Amino acid sequence: MTTIYLSSTYEDLKEHRAAVFDALRRSGYQVIAMEDDVARDDRPLRACLADVERADLYVGLFAFRYGYIPPVEHGNPQGRSITELEFRHADAAPNTRCLLFLLDEQAPWPSGFNDSWTGEGEQGERIRRLREELARDKMASFFSSPHELASQVQAAVSRYLASRAPPAGQPVEPVEAVTWDVAERGSPYPGLMRFTRRYAPVFFGREVEVRELLDRLSLPEGRFVIVSGDSGSGKSSLVEAGVLPRLEEGERSLRGVRMVPSGGEDPFDALLRALHPRAERAGLDGYRLGRELAAGRAEPVEVLGKILGRGAEREALLLFVDQMEELFTAERRDAPLIGRFLAALHEASQTLPLRILATIRGDLLHHCYAYPEMLAVLRGPGHYPLGRAAPHMLHEMIVRPARCAGIRVPEALARRLTEEVGPEPGNLPLLAFVLERLFERRTDDGLSEAAYRAMGGLVGAIAEHVKEVERALAKALELDPERLEARLAGLFEGLVQMDTEGLPTRRRVRRTDLPEPQAPVVEALIQARLLAVEGEGAECALSVAHERLFQAWPALARWVDEHQEALRLLRQGKLDAAEWQRQGRDLVYLWHTDRLRRLQTAIEDLPEARAGAELRAFAWPQPLLVRLLDDPQLDHESRDSIGRRLAALGDFRPGVGVGEEGTPEVDWVEIPGGEVELEGGAGKASVAPFRISRYLVTNAQFQAFVDAADGYAKAEWWREMPEEARNGPGKPSWSEPNRPRESVSWYEAVAFCRWLSRRLGFEVRLPTEYEWQQAATGGDPKNAYPWGGEWDARCCNTSESGLNRTVAVGLYPAGATTRGVLDMAGNVWEWCLNKRGKKPGEVTVDGSGESRVLRGGSWIAIQVNARAGFPFSYRPDGRIDSIGFRVVFASFIR
């Protein structure tokens, strides 16, 4: 094992020396330094020089202090400092290599640690001369921060040892001691999972990045640091297994906590869930506070201050915001909420004992530009771009964890894995997975290249694993492959979403949100490490273990390929639904109906919890559209637009469509009896109580009559009518299913009523004009219009609306009668059963061709025609696009 003597002055370089000491020890070298209590500033010179002699390498660190000078009687006749004496002794030793590092003169440095400033006799001049000699004659390197120095030292040591490597074919003695107990801890490779703290002892290959991040975090400007990089480049592992353990070791009062933005209903909820144990210790209700923060009813910095504590009990915290991109790809993306969250974290990191370390996919980093605090972080030392692992890093990741576990990795296998994994994005989880598989197939000699060939290399390893898992699962559940894939598809529905680039990505779902029958499938996939688990207990979250599985898992790849259009719609739908909500559900922000129908289809295949109430309200906006009609200020064009949207998306209102077996639905309204007097002395009659349809007969309802086998073509419905009455049906001018059926003759209306009577089991017919007027006035003659005594053009569709067309039924609730009957003014004239002046008892159906009464006005008629009592009539065979009808259910026959 290589022995290194680490030398420096004591107090001024304590932090730098500790970083170097830790890095070298973790690399498996034996290090002799002050940290082992081997030496102090006043340590015996003879012992120090003896330690120098037995070291393979001398590493000297020099700043601006000359250091302790041992007395002459201790063997120091020239009066040199112990630091210089150690260097001179190492430099003269034939078998010791010296590696020298000088503090950069431009680096910030406390004046109290500069002998030239403090005026310590001649020591300022002596350290200046020594530094000049080292820089001029000894090829020294310059350093600034502690962890930068640690990286430089480790790299220099590695280069030196590589230059002394034995000839090819001779084994290289591993430097690592066995520190990983396989029997107790299992594989030193995490497979498709990230490296967690558990794997910190075997996390190798990223030492330089770890130290550089530690340096960033030690800066005053480094209280908020964002690590960006490719998916699968090891960002999460770098922080959780590399940075956090080292930071906590170096700062005993500091603790790290990991959160993911999707770990709660919103980012604040996710934060407070991660901090829940600390909130409880502070006597706070974390879940309630999360809701209050999201709603803007609490101050984040104040809440975090209470959680972290005050005074002597105040605990420093490093918050690890993992997978920060979830803020921007979340299904309920809310830019103002995200802005408040990020601003709060940034302010807290500057004012509280809190540091933030976040990871984000590089392709989504641009989302941070929209938030001033994040832009400020990215413009300074708070942004750390993580590159892909270089070949020498991959080699370290392959070989050194095995050595820590006492397992040999043939150099040929290490080289082959390094080459085949390559620098592609997402390669690290794939490498760890293959290594875990090789670990499972290890022999007494260690990992085997033959085993690697047998499993089909890199690509074959995952395919083989998935195949084994699915085979075992099918057997356990007694399912054939087709039924198993169907079960998996039901699981994928909750675990997959599209990112901003239209690519499939992981979605976290609470385990409790999955159907109970999926439990054995989920458990098997967790055990096989195809699914990852976040958290504990019932509230734990599940996700696909890694994004590389979207290509490497055949069943998942097929499902994504079949559903990619639906996934894109869902993702965009969730974003636009949130925007629609923020804009007060303005109609302008709704999608075109064709696109909404496609979204509906995509949602219908999803579990209820996956879509969410907001997205469903966006995809099926009909209830909201109907509520918008209650606004009396809503203009005619908007009402027509709502009607057309209802038609395209499905008009859910009772009484507008067709029910089971093709029978029209009728929403009956009770009308009280009374005395009705027609205008101009045209007649007076007593009307018994009856029921009338709330809506005009719609296109959908009349078309059901036309299409039914027992409908329009059946002669029974046309008795007492002339033969030519059946020379239709006519084509309506506007075909939306929820518009009133126009271009329909009186004969056809009567035939429809007879057919519907048979379908419903009781007699349905056209109203007499007395009944129609009683319904339109609500029994009060003072009501000149259905809504009251005064004209209001906003209450109906007459020529004053300017639409020049019919609109869907029921779009003017302000124009309803006192009983709630709609469209009794405007839209279309309505056929009545009787001829002009005939009383209810005198009503007959005949083929005389005499005109029949019309009431209510129409879209082409003027205000006066819409009066409840205005009389009009037309020949019974007439079909024009301003005439329709509604039906009654009365207590008398003809």
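Residues numbered from 1 in each chain as written. Predicted model: local features only at pLDDT ≥ 70, side-chain atom pairs only at ≥ 80, totals over all residues. Heavy atoms only, no water.

A tally of helices and strands in the protein chain yields 33 helices and 24 strands. Taking 894 residues into account, the globule formula puts the C-alpha radius of gyration at 29 Å, and the protein chain, at 41 Å, lies well above it. The dimensions of the protein chain, computed from C-alpha atoms along their principal axes, are 140 × 65 × 45 Å. Going through the 894 residues of the protein chain one by one, you find that 55% of them count as buried. Accessible surface for the protein chain amounts to roughly 38100 Å². Of this, 49% is attributable to carbon and sulfur atoms. Taking the average location of the 114 positive side-chain charges in the protein chain and that of its 133 negative ones, the two points are 1 Å from each other. (Helix = DSSP H or I, 4+ residues; strand = E, 2+ residues; numbered from the N terminus. Rg over C-alpha atoms; globule rule 2.2 N^0.38 Å. Buried < 20%, exposed > 50% of the residue type's maximum accessible area, 1.4 Å probe, protein only. Areas by Shrake-Rupley, 256 points an atom, 1.4 Å probe, with all protein chains shown as cover. Lys, Arg positive; Asp, Glu negative; His and termini not counted. Charge placed at Lys NZ, Arg CZ, Asp CG, Glu CD.)

This next bit is on the pairing of strand β9 (residues 354-361). Across the eight residues of β9, eight count as buried, placing the element largely inside the fold. Alternating positions in β9 separate into two faces, Leu-354, Ile-356, Ala-358 and Ile-360 on one and Arg-355, Leu-357, Thr-359 and Arg-361 on the other, with burial throughout. In this sheet, β9 lies alongside strand β6 (residues 224-229) in parallel orientation, the contact comprising six bridges. Paired with Val-227 across the bridge in β9 is Thr-359. (Pairing = 2+ DSSP bridges.)

Here the focus is the pattern of salt bridges. One pass over the structure, following the stated rule, counts 61 salt bridges. We note a salt bridge from Glu-292 to Arg-288, for which the minimum N-O separation is 2.6 Å. Here Arg-288 and Glu-292 lie together in helix α12 (residues 286-294), a separation of four residues that amounts to about one turn. Taking relative accessible area as the criterion, Arg-288 reaches 35% and is therefore assigned partly exposed. Close ionic contact of Glu-449 with Arg-416 constitutes a salt bridge, the shortest N to O distance being 3.9 Å. Pair noted here: Glu-449 is in helix α20 (residues 449-454) and Arg-416 is in helix α18 (residues 411-421), with a separation of 33 residues, a long-range link. (Salt bridge = Lys/Arg side-chain N within 4 Å of Asp/Glu carboxyl O.)

Attention now goes to the packing of α18 against helix α19 (residues 427-440). Interhelical geometry of α18 versus α19 gives an angle of 145° and a closest axis separation of 10 Å. The crossing of α18 and α19 is right-handed. Between α18, through Leu-413, Leu-417 and Val-421, and α19, the contact on the second element is made entirely by Asn-427, Leu-431, Val-434, Leu-435 and Leu-438. (Axes fitted to C-alpha atoms, helices over the stretch in contact; angles between N-to-C directions. Left-handed = near helix turned anticlockwise from the far one by under 90°. Contact = heavy atoms within 4.5 Å.)

Taken in spatial order, the five strands line up as β7-β8-β9-β6-β10 in an open sheet, and their pairing is parallel. Pairing within the sheet leaves two strands with one partner each, and these edge strands are β7 (254-259) and β10 (383-385). Strand-to-strand twist across the sheet, computed as the mean angle between neighbouring axes with direction ignored, equals 20°. The sheet strands contacting helix α8 (residues 207-218) are β6, β8 (316-321), β9 and β10, and the helix crosses β10 at an angle near 170°. Running over the sheet, helix α10 (residues 267-274) touches β7 and β8 and is turned about 135° from β7.

Now for the packing of helix α2 (residues 45-53) against helix α3 (residues 82-92). Contact pair α2 / α3: the axes reach a minimum separation of 9 Å and the direction vectors enclose 35°. You can see that α2 and α3 cross each other, and the crossing is right-handed. On α3, the residues touching Leu-45, Cys-48, Leu-49, Val-52 and Glu-53 of α2 are Ile-82, Leu-85, Glu-86, His-89 and Ala-90. Taken together, the residues that form the contact of α2 with α3 break down as seven nonpolar, one polar and two charged. (Nonpolar A, V, L, I, M, F, W, Y, C, P; charged D, E, K, R; others polar.)

What follows deals with the packing of aromatic side chains. Going through the model one piece at a time under the given rule, you end up with 32 aromatic pairs. Between Phe-195 and Tyr-199, the ring centres sit 5.8 Å apart and the planes meet at 80°, which makes this aromatic pair edge-to-face. What makes Phe-195 buried here is its relative accessible area of 16%. The exposure class of Tyr-199 is buried, given its relative accessible area of 6%. (Phe/Tyr/Trp six-rings, centres within 6.5 Å; stacked < 30°, edge-to-face > 60°.)

Within strand β4 (residues 97-103), six of the seven residues are buried, which leaves the element mostly enclosed by the surrounding structure. Of the strand pairs in this sheet, strand β3 (residues 57-62) and β4 are connected by six bridges, and their pairing is parallel. Residue pairing across strands places Leu-57 opposite Arg-97, the latter belonging to β4. What joins β3 to β4 is α3, and the crossover it makes is right-handed. (Right-handed = clockwise from strand over helix to strand, strands pointing away.)

Below, the discussion takes up unusual backbone geometry. The residue after Gly-728, namely Pro-729, is reached through a cis peptide bond having omega 5°. Locating Pro-729 in the fold gives a position in the loop between α31 (699-707) and α32 (746-760). Here the phi dihedral of Glu-478 falls at roughly 55°; this positive angle occurs in a residue that is not glycine. With respect to the element layout, Glu-478 can be found in the loop between α21 (457-477) and α22 (481-495).

A few words on the sheet that holds β4. Strand order in the open sheet made by the five strands is β2-β1-β3-β4-β5, with parallel pairing throughout. Edge positions in the sheet fall to β2 (30-32) and β5 (141-143), since each of these pairs with one other strand and no more. The mean inter-strand angle of the sheet, taken between neighbouring strand axes irrespective of direction, is 25°. Packed onto the sheet, helix α6 (residues 146-163) meets β1 (3-8), β3, β4 and β5 and runs at close to 160° relative to β4.

Within the sequence span of α2, burial applies to Leu-45, Cys-48, Leu-49, Asp-51 and Val-52. Taken down its axis, α2 places every buried residue within 155° of arc, on the same side. Away from its buried face, by an angle of more than 90 degrees, α2 presents the exposed residues Arg-46 and Glu-53. In this structure, the buried side of α2 is in contact with β1, β2 and α3. (Arc of directions from axis to C-beta.)

As a further point, take helix α23 (residues 519-527). Those residues of α23 not exposed but buried are Val-521, Val-522, Leu-525 and Ile-526. An end-on view of α23 places all buried positions within 130° of arc, on one side of the element. Lining the buried residues of α23 we find α21, α22, β14 (531-534) and β15 (541-544). After α23 finishes, the residue Arg-529 shows a positive phi value of roughly 60°.

The next point concerns the environment of Leu-803. The residue Leu-803 is located in the loop between α33 (769-777) and β20 (829-831) in this model. Spatially, the C-alpha atoms of Leu-803 and Ala-890 are 35 Å apart, while their sequence positions differ by 87 residues. Filtering out sequence-adjacent residues up to four positions away, Leu-803 remains in contact with His-636, Glu-637, Asp-640, Asn-797 and Tyr-812.

In this section: the state of the cysteines. A disulfide bridge is the covalent bond that connects two cysteines by way of their sulfur atoms. One pass over the structure, following the stated rule, counts zero disulfides. Left unpaired, Cys-795 is separated from the closest cysteine sulfur, that of Cys-796, by 6.8 Å. (Disulfide = S-S within 2.5 Å.)

Once that is clear, we can look at the environment of Leu-760. Within the element layout of this structure, Leu-760 appears in helix α32. Relative accessible area serves as the criterion here: at 29%, Leu-760 is assigned to the partly exposed category. Linking Leu-760 and Gly-263, residues 497 residues apart in sequence, is a C-alpha distance of 54 Å. Ignoring any residue separated from it by four or fewer positions in sequence, one finds Leu-760 in contact with Thr-663 and Trp-668.

Without other data, these values stay purely geometric and don't point to any function.
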